[in-house]
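Structural description and commentary
These are the residues of each chain, in order.
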Amino acid sequence: MAGTGTNDGFFTPVSGFDLPRFAGIPTFMRLPHVPFDHPRFPQVQIGLIGAPWDGGTTNRPGPRHGPRQLRDLSTMIRAQNGATWVAPFELARCADLGDVAPNPGDLMDSLARMEAFYDRVVAAGIRPLTGGGDHLCTLPILRAVAKARPVGMIQFDSHTDLNDIYFGTSRYNHGTPFRRAVEEGLIDPKRYVIIGIRGTAYGREDWDFAASVGIRIIPIGEFHARGPDDVMAEAREIVGAGPVYVTYDIDFVDPTFAPGTGTPEVGGPNSWQALQVARGLRGLDVVGADLVEVSPPFDASGGTAWLGISLMFEMLCVMAERVAGG
């Protein structure tokens, strides 16, 4: 747990009764902006972070603009979960830590910059909750979060992102991060479950790799046949009581409900099921989480970002309960 002290009101979001939700400078969920040099930084327990970078995108770019749109739509978030009645801002000291500063012209330098940023967050004892960015952003976050030991992982996605290489040379893009993470010992593959895989494929290489190391893949047909509650019960059993990272690609959700993403796949969960699986994380030791691949150019109205920030709030509730429980 980071720092000491109680929530004296500083870490409380601005209320819609004090300032209209369409007014003010948008931060994640109207929380205070607390950069590294802020005197209250050592007291933060959960840090909301933007990763405005999509240098790993292989087709339709745009997620670099995701964090800004997510922040804007997050002004609609209120202080209490209407389904679980969790009040996360009363349970944990939360703040917007700002954005990672990527290098838009250098993929490898951007990865290094992100890892260094998250090293500082983790060293302070803060659990990061990130709005992306494309899915390659998760790799440097994992390098920081799992530096001391491998973590379990739950991945909501329509693609495995376990590919090895693109165009004969590209080992780092949004289709390869978790192949690299397993190879680097960041994820324990026996405590790793991927939920929602569907769509056309290049081949079976990613599935074969998953089988060879013990990763559990739950394809969308099985998800729909069993239902969210049963699937999440298995996911919790797989990751167990140890530290777990959660990565949520918005393309897990059917494009009818989340069209604003780079690689949509039909046949996915609806928005209610998307919320259900996030609530199914309750009780886990979630040491970090992210919501990635929101691409505003493909949904300028913000509906996808609104769903995305709603899912981030659900994960925040799970993380805050864990922080409060020790």
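So, here is what we can say about the structure in this document. Residues take numbers from 1 onward in each chain, read along the sequence in its written order. Residue-level local features of this predicted model are given only where pLDDT is at least 70; pairs of side-chain atoms are given and counted only at 80 or more, and the full residue set underlies all totals for whole chains, interfaces and linings. In computing side-chain properties, one takes all heavy atoms of the structure into account and sets aside hydrogens as well as water.

1. Concerning the sheet that holds strand E4 (residues 151-156)
Heads up, the condition is: Strand pairing requires that DSSP identify at least two bridges connecting the strands. Helical segments are the DSSP runs of H or I of at least four residues, strand segments are the runs of E of at least two, and each set is numbered from the N terminus. Axis definition: a line fitted to C-alpha atoms, limited for helices to the stretch in contact. Angles are taken between N-to-C directions and run from 0 to 180 degrees. Should any heavy atoms of two residues lie within 4.5 Å, those residues are considered in contact.
Ordered in space as E2-E1-E3-E8-E7-E4-E5-E6, the eight strands form an open sheet in which the pairing is parallel. Each edge of the open sheet carries a strand with a single partner, namely strand E2 (94-99) and strand E6 (216-219). Neighbouring strand axes in the sheet, compared pairwise and without regard to direction, differ in orientation by 15° on average. Summarising the sheet, strand E1 (residues 46-51) and strand E3 (residues 127-132) pair through six bridges and their orientation is parallel. Considered in E3, the bridge of isoleucine 46 is made with arginine 127. Taken strand by strand, helix H8 (residues 228-239) contacts E4, strand E5 (187-197), E6 and strand E7 (243-249), and its axis lies near 165° from that of E5.

2. Quick notes on the pairing of E4
Worth spelling out the cut-off: Between buried and exposed lies partly exposed: a residue is buried under 20% and exposed over 50% of the maximum accessible area for its type, with that area taken using a 1.4 Å probe on protein chains only. We call a crossover right-handed when, viewed with both strands directed away from the observer, the connection leading from the first strand over the helix to the second proceeds clockwise.
Within E4, six of the six residues are buried, which leaves the element mostly enclosed by the surrounding structure. Burial along E4 is two-sided: the residues Val151, Met153 and Gln155 and Gly152, Ile154 and Phe156 are all buried. Note: E4 against E5, five bridges, orientation parallel. Residue phenylalanine 156 lies in a different strand from E5, and its bridge partner there is isoleucine 195. Between the parallel elements E4 and E5, the chain passes through helix H5 (residues 177-183) in a crossover that is right-handed. Looking at chain direction, E4 and E7 are connected through five bridges and run parallel. Across the sheet, isoleucine 154 pairs through a bridge with valine 246, a residue of E7.

3. A closer look at the nonpolar core
Spelled out, the test is: Residues enter a nonpolar core if they are buried and are Ala, Val, Leu, Ile, Met, Phe, Trp, Tyr or Cys, with the set joined through side-chain atoms within 4.5 Å.
Counting residues in hydrophobic clusters, the biggest one holds 55 residues, and the most contacted among them are Met29, Ile46, Ile154, Phe156, Ile195 and Tyr248. Core analysis: the second largest hydrophobic core is formed by 43 residues, Val100, Ala146, Leu162 and Ile194 among them.

4. Brief notes about the environment of valine 14
Note on placement: valine 14 falls in the segment before E1. A relative accessible area of 37% places valine 14 in the partly exposed class. If sequence neighbours within four positions are ignored, valine 14 has contacts with Leu19 and Arg30.

5. What about the pattern of salt bridges?
For the record, the criterion: Any carboxyl oxygen of Asp or Glu that lies within 4 Å of a side-chain nitrogen of Lys or Arg is treated as forming a salt bridge with it.
For the coordinates displayed, the defined rule picks out 24 salt bridges. Two residues, aspartate 208 and arginine 204, come together in a salt bridge whose shortest N-O distance is 3.9 Å. Residue aspartate 208 is classed as partly exposed on the basis of its relative accessible area, which comes to 45%. Using a relative accessible area of 53% as the deciding quantity, one classes arginine 204 as exposed.

6. Notes on the side chain of arginine 127
For the record, the criterion: As used in this structure description, the phrase polar contact means that two N or O atoms lie within 3.5 Å; if the pair is within protein, one of them must be able to donate a hydrogen and the other to accept it, and residues adjacent in sequence are counted only when both atoms belong to side chains.
Following the sequence through the fold, arginine 127 ends up in strand E3. A distance of 2.9 Å separates polar atoms of two side chains, one belonging to arginine 127 and the other to aspartate 285. Contacts of arginine 127, omitting those with residues within four sequence positions, involve Gln45, Ile46, Gly47, Asp285, Val286, Val287, Met319, Arg322 and Val323.

7. Remarks on the side chain of aspartate 96
Note that aspartate 96 resides in strand E2. Judged by relative accessible area, which is 2%, aspartate 96 ranks as buried. For aspartate 96, the side chain forms a polar contact with the side chain of arginine 71, separated by 2.8 Å. Engagement of the side chain of aspartate 96 in a polar contact is seen with the backbone nitrogen of glycine 98, the distance being 2.8 Å.

8. Considering the packing of helix H1 (residues 66-73) against helix H10 (residues 303-325)
Threshold: Relative orientations are named as follows: roughly parallel for angles under 35 degrees, roughly antiparallel for angles over 145 degrees, roughly perpendicular for angles from 65 to 115 degrees, and oblique for any other angle. All amino acids are sorted into three groups, where Ala, Val, Leu, Ile, Met, Phe, Trp, Tyr, Cys and Pro are nonpolar, Asp, Glu, Lys and Arg are charged, and the leftover types, Gly among them, are polar.
With their axes 9 Å apart at the nearest point, H1 and H10 run at an angle of 75° to one another. Viewed along their axes, H1 and H10 adopt a mutual orientation that is roughly perpendicular. Along its contact with H1, which presents Gln69, Leu70 and Leu73, the element H10 presents Ala305, Trp306, Gly308, Ile309 and Met312. In the contact of H1 with H10, the residues fall into six nonpolar, two polar and no charged.

9. Concerning the environment of valine 246
By the secondary structure assignment, valine 246 is in strand E7. In the structure, valine 246 is positioned 58 residues away from aspartate 188 in sequence and 13 Å away in space, judged by C-alpha atoms. Not counting residues within four places of it along the chain, the set of residues in contact with valine 246 comprises Ile154, Phe156, Leu281, Val286, Gly288, Ala289, Asp290 and Met315.

10. A look at the packing of aromatic side chains
Put simply, the rule reads: For Phe, Tyr and Trp, where Trp contributes only its six-membered ring, two rings pair if their centres lie within 6.5 Å, and the inter-plane angle classes them as stacked under 30 degrees, edge-to-face over 60, or tilted in between.
Inspection of the entire model under this criterion finds ten aromatic pairs. Ring geometry for phenylalanine 89 against phenylalanine 313: centres 6.3 Å apart, planes inclined by 45°, an arrangement best described as tilted. With phenylalanine 89 in helix H2 (residues 88-91) and phenylalanine 313 in helix H10, this pair connects stretches of sequence that are 224 residues apart. For the pair phenylalanine 89 and phenylalanine 313, a shared accessibility class is recorded, and that class is buried. With a centroid separation of 5.9 Å and 85° between ring planes, the pair formed by phenylalanine 223 and phenylalanine 252 is classed as edge-to-face. With phenylalanine 223 in helix H7 (residues 220-226) and phenylalanine 252 in the loop between E7 and helix H9 (271-279), this pair connects stretches of sequence that are 29 residues apart. An aromatic cluster is defined as three or more aromatic residues linked by ring pairs; in this entry it consists of Phe36, Phe41, Phe117 and Tyr118.

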